[in-house]
Amino acid sequence: MPASPAPDLGNRLAALGQTLGEREAEHAAGLERARACAAALRDQVCDALERFHAAASAAGAPHLRIEISAVRVDDKHLRAVEFELLRGRHKAIVVAKAHGGVTLVGPFHAGKDEGPCRSFPADATTELDEGLVAFLERFAEAAATP
């Protein structure tokens, strides 16, 4: 039977949680802006994917399906949020950062090095929109290539 945790384990983790929470609190507003940005981009991508799926299905290829994840805290950066596009082992990531930038990562194969990446200021709407279109086209082409 494993030994029971030290009696002060809970107290020590509570103190650490307090310290880390106080340190990260100053980034809460930026992280909320990043979450709102990522959610808006995700909505755009969902709308585009609905049209992609409908067109692929109408053309006779209903199996060309691209999945999209929910917005969540970024896997690499604590002060950023992300959502993923997935088809088999093909993956692409949209990252919105608390400091105001957006990075489009991929497409790449899951388990391989990520990249290529393109970063944009979150308020550069024209450049970001154009970058997002090219990003989604590259991903869909890569994901649909046998």
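Look up: the structure comes first, before these words.
Student: Would you mind showing me how to read the overall build of the chain here?
Tutor: If you tally the helices and strands in the chain, you get 3 helices and 6 strands. Starting at the N terminus and ending at the C terminus, the chain contains elements arranged as α-α-β-β-β-β-β-β-α. A principal-axis box enclosing the C-alpha atoms of the chain has dimensions of 65 × 45 × 25 Å. Counting all 146 residues of the chain, 34% fall into the buried class. Accessible surface, the chain as shown: approximately 9200 Å² in total, 57% of it carbon and sulfur. Placing the 17 positive and 21 negative side-chain charges of the chain at their respective mean positions leaves the two points 5 Å apart.

Student: What is the right way to read helix α3 (residues 125-143) from this model?
Tutor: Because the α-helix completes a turn every 3.6 residues, residues three or four places apart line up on one side. Between its terminal C-alpha atoms α3 stretches 26 Å, which fits the 27 Å expected from 19 residues at 1.5 Å a residue. Residues Leu128, Gly131, Leu132, Phe135, Leu136, Phe139, Ala140 and Ala143 constitute the buried set of α3. Down the axis of α3, the sector holding all buried residues measures 160 degrees, keeping them to one side. Pointing more than 90 degrees away from the buried face of α3 are the exposed residues Glu130, Glu137 and Glu141. On the buried face of α3, the contacting elements are α2 (28-58), β3 (80-87), β4 (90-97), β5 (101-109) and β6 (117-121).

Student: Sorry if this is basic, but what is going on with the nonpolar core here?
Tutor: Taken as a class, soluble globular proteins show a tendency for nonpolar side chains to be buried jointly. Judged by nonpolar contacts, the single largest core of 24 residues is most densely connected at Leu41, Leu85 and Phe135. Those elements that provide at least two residues to this core are α2, β3, β4, β5 and α3. Of the residues forming this core, the biggest block, 7 residues, is contributed by α3. Here phenylalanine 135 is in contact with Leu85, Ala92, Ile93, Val94, Leu104, Val105 and Gly106, once residues within four sequence places are set aside. Counting residues in hydrophobic clusters, the runner-up holds 5 residues, among them Ala80, Ile93, Val95 and Phe108.

Student: Can you walk me through the side chain of threonine 103 in this structure?
Tutor: Here threonine 103 shows up in strand β5. Apart from the residues lying within four places of it in its own chain, the contact partners of threonine 103 are Ile93, Val94, Val95, Lys97, Cys117, Arg118 and Ser119.

Student: What should I look at first to understand the pairing of β3 in this one?
Tutor: Successive side chains on a regular strand alternate, one facing one side of the sheet and the next facing the other. Among the 8 residues that make up β3, 6 are buried, leaving the element largely enclosed by the rest of the structure. Bridge count for strand β1 (residues 67-68) against β3 is 2 bridges, and the pairing is antiparallel. Pairing of glutamate 67 across the sheet is with leucine 86, part of β3. In this structure, strand β2 (residues 72-73) lies alongside β3, joined through 2 bridges in antiparallel fashion. Looking at the pairing, arginine 72 lines up with glutamate 82 of β3.

Student: Looking at this structure, how should I read a nonpolar patch on the surface?
Tutor: Side chains of Leu9, Leu13, Leu16 and Leu20 sit close together on the surface and give an oily, nonpolar patch of about 340 Å² of accessible area. The topology assignment puts leucine 9 in helix α1 (residues 9-25). Take leucine 9: its relative accessible area is 41%, and that puts it in the partly exposed class.

About the cut-offs
- Residues numbered from 1 in each chain as written.
- Predicted model: local features only at pLDDT ≥ 70, side-chain atom pairs only at ≥ 80, totals over all residues.
- Heavy atoms only, no water.
- Helix = DSSP H or I, 4+ residues; strand = E, 2+ residues; numbered from the N terminus.
- Buried < 20%, exposed > 50% of the residue type's maximum accessible area, 1.4 Å probe, protein only.
- Areas by Shrake-Rupley, 256 points an atom, 1.4 Å probe, with all protein chains shown as cover.
- Lys, Arg positive; Asp, Glu negative; His and termini not counted.
- Charge placed at Lys NZ, Arg CZ, Asp CG, Glu CD.
- Expected span 1.5 Å × (residues − 1).
- Arc of directions from axis to C-beta.
- Contact = heavy atoms within 4.5 Å.
- Core = buried A, V, L, I, M, F, W, Y, C linked by side-chain atoms within 4.5 Å.
- Pairing = 2+ DSSP bridges.
- Patch = residues over 30% accessible without salt bridge, like charges linked within 9 Å, V, L, I, M, F, W, Y side chains within 5 Å.
- Salt bridge = Lys/Arg side-chain N within 4 Å of Asp/Glu carboxyl O.

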